[in-house]
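Now for the letters of each chain:
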Amino acid sequence: MPEIDVPLERVGFGSTSRSDFWWVAPLVVFLGLGAFVVYATWAGLQGDYYRFGPYLSPFYSPELFGSAHAWFGPKPGWWPAWLIWSPAILILWAPGGFRVTCYYYRGAYYKAFWADPPSCTVGEPRKYYRGEHSFPLIWQNIHRYFLYLGIFFIGDLAYDAWNGFWFNGHFGVGVGSLVLLVNVILLSGYTFGCHSLRHLVGGVLDRLSRSPARKKVYDCVSCLNARHMTWAWCSLFWVAFSDVYIRLCAMGVWHDWRIF
Amino acid sequence: MATATFRVWRGDAKGGKFQDFVMEVAPGMVVLDAIHEIQSSQANDLAVRWNCKAGKCGSCSAEINGMPKLMCMTRLSQLPLEKPITVEPMRSFPLVKDLVTDVSWNFRVKEQIKPFRPRKPDAPDGTWRMDQKDVDRVQEFRKCIECFLCQDVCHVLRNHHLYDQFIGPRFFVYAAALEMHPLDVEDRLKDLRKTQGIGFCNITKCCTKVCPESIHITDNAIIPLKERVVDQFYDPLKKLFRVFQGDK
Ligand code: SF4
Ligand code: SF4
Ligand code: FES
Ligand code: FES
């Protein structure tokens, strides 16, 4: 690779000729993602108030071990006594890993949390840079495996949303049913607009016209992908809100209003 | 008529400083008009490169109020004229004089990318058949005017100076146009990973933000190339699949 002939001057951290409020966007991302991580960690460690009537908080779904409704029964006996227990611990790593390795979030948190760069044309704090070229960030390439898990979670959350419409064996609609329905719609919009999915369904081919069905799927994924950032934020907000809603209902703070 | 202050970088490879020029501005003016006005009435030796004044030649790249932009496509009405408007050369390339930089590194990089290699002709008369749907995707990349604003803004070059290991967004767009071309059979993935440093891109999207041709550099060129590199070098299942297919 050719080198450049003139040694260039390196600009200091935060230095820029920009006169606009360039720090607002990274600050909003910092606060938004930071608040989510703090809340999700707190909620995931509570181990309580995650079910109300037919509703199950998405932070606790699928419930593998825990309550009487769990897939494989109560808390496993082998769980070490010194380790904090919550059914969410067993599963939250998967959607968490999916978001952490998502191409959109990567770009957003490298800027907001790592100042790499703080914003376009703004000087950085560190001289040394490896990007995603080598360890550790080369591991971001695992994203497609989290996508496979993410698709499983969509199926699971769709099942939860469906269950949210059945009250003691009778079909009904509560505000919580709609909250869970919107949750699965937003998460589907996010998951099915994934860049890795776009590649796998058709982006990998140079002659997509020879596979008309794949071309259609590729177009649909591309369409969602064009708004990936919007889906990412809406679904992030809503999944936390779904937990808040169910938690407050279960704690008796809010009343779940039955529409019919 | 309103007046505005233009804070223009004056200098050469040895160093320089900003110089203020106050002038009257008229409706419809672009930054390049203002620079020409300064050149003709206040600083005859001000160096500026331009050609088409229509956003098509990619010569008039500069940094206006700190953001890489084409001078000929930046209207004064888009700028806050109550404050001085800074106009600087691109900061990621060696300065020749005032607003003119030496962008020849880019042309040397381009020579490193394996050229187009089509498959055997489809018809006996030596011609090929392509479906419009398949060329649509690479068509976007061909809008590139080589203004190098994306190279200028990219922090891997601008802040980290990895000129010898990273080809920059412009050339990922170029590589994508070749790599995704329905006729092309060349393999550029090894180069992209090894010597051209696609892994250094951390998808922070500044290149996409400044592209005057609105090419979705990150989403449509870099990320799809990164995914192809993952297929080839990092995904164990894909590797296993290739072994069973007897691919390599
Ligand atoms: S997205 Fe990648 S190529 Fe584009 S400016 Fe950012 S680091 Fe550079
Ligand atoms: S990709 Fe866009 S910004 Fe980069 S050189 Fe081409 S036209 Fe300019
Ligand atoms: S790229 Fe965002 S979910 Fe895959
Ligand atoms: S003068 Fe040609 S792009 Fe500006």
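Residues numbered from 1 in each chain as written. Chains lettered and ligands numbered in written order. Predicted model: local features only at pLDDT ≥ 70, side-chain atom pairs only at ≥ 80, totals over all residues. Heavy atoms only, no water.

Observations regarding the environment of Ala13 of chain B
Link 1 in the chain: Relative to the elements of secondary structure, Ala13 of chain B occurs in the loop between strand S1 (2–12) and strand S2 (15–25).
Link 2 in the chain: Expressed as a C-alpha distance, the spacing of Ala13 of chain B and Val96 of chain B, which sit 83 residues apart in the sequence, is 6.0 Å. (Helix = DSSP H or I, 4+ residues; strand = E, 2+ residues; numbered from the N terminus.)

Let's talk about the domain arrangement of chain B
Accessible area lost upon the coming together of the parts is a frequently used measure of interface size.
All names here are of chain B.
Link 1 in the chain: Looking at chain B, the domain boundaries give domain 1 (2–101) and domain 2 (104–245).
Link 2 in the chain: Using only C-alpha atoms to locate each centre, domain 1 and domain 2 end up separated by 31 Å.
Link 3 in the chain: Facing 15 residues of domain 1, the contacting portion of domain 2 comprises 15 residues.
Link 4 in the chain: Taken together, the two surfaces of domain 1 and domain 2 that pack against each other cover about 1,200 Å², and 59% of this comes from carbon and sulfur.
Link 5 in the chain: When the buried surface of domain 1 facing domain 2 is broken down by residue, Pro68, Ser92 and Phe93 rank first, second and third, together holding 45% of it.
Link 6 in the chain: Counting the contacts that link domain 1 with domain 2 gives 2 salt bridges.
Link 7 in the chain: Across the pair Arg158 and Glu63 runs a salt bridge whose closest N-O atoms are separated by 2.8 Å.
Link 8 in the chain: Broken down by secondary-structure element, the contributors of at least two residues to the side of domain 1 that touches domain 2 are strand S3 (61–64) and strand S4 (67–70). (Domains from an automatic or database assignment. Contact = heavy atoms within 4.5 Å. Buried area = accessible area lost by both parts, 1.4 Å probe. Salt bridge = Lys/Arg side-chain N within 4 Å of Asp/Glu carboxyl O.)

Focus: the site of ligand 2
All names here are of chain B.
Link 1 in the chain: Near ligand 2 the following residues occur: Cys144, Ile145, Glu146, Cys147, Phe148, Cys150, Arg170, Cys211, Pro212, Ile215 and Ile217.
Link 2 in the chain: More than half of the atoms of ligand 2 fall within 2 Å of the grid points belonging to the second largest cavity.
Link 3 in the chain: Counted by class, the shell around ligand 2 contains 9 nonpolar, no polar and 2 charged residues. (Near = heavy atom within 4 Å. 1 Å grid on protein atoms, 1.4 Å probe; cavity = no way out; pocket = protein on both sides within 12 Å on 5 of 7 lines; lining within 4 Å. Sits in = over half its atoms within 2 Å of the grid points. Nonpolar A, V, L, I, M, F, W, Y, C, P; charged D, E, K, R; others polar.)

Here we look at the pattern of salt bridges
Link 1 in the chain: As enumerated under the stated definition, the model contains 28 salt bridges over all chains in all.
Link 2 in the chain: A salt bridge links Arg10 of chain B to Asp45 of chain B; its shortest N-O distance comes to 3.0 Å. Linking Arg10 of chain B in strand S1 with Asp45 of chain B in the loop between helix H1 (31–41) and S3, this pair joins segments that are 35 residues apart in sequence.
Link 3 in the chain: Residue classification places Asp45 of chain B among the partly exposed positions, given a relative accessible area of 49%.
Link 4 in the chain: Ionic pairing is found between Arg91 of chain B and Glu88 of chain B, a salt bridge with its closest N-O pair at 2.8 Å.
Link 5 in the chain: In this structure Glu88 of chain B comes out as buried when scored by relative accessible area, which is 3%.
Link 6 in the chain: Taken together, the salt bridges that share partners define one network made up of Arg144 of chain A together with Glu227, Asp231, Asp235 and Lys238 of chain B. (Buried < 20%, exposed > 50% of the residue type's maximum accessible area, 1.4 Å probe, protein only.)

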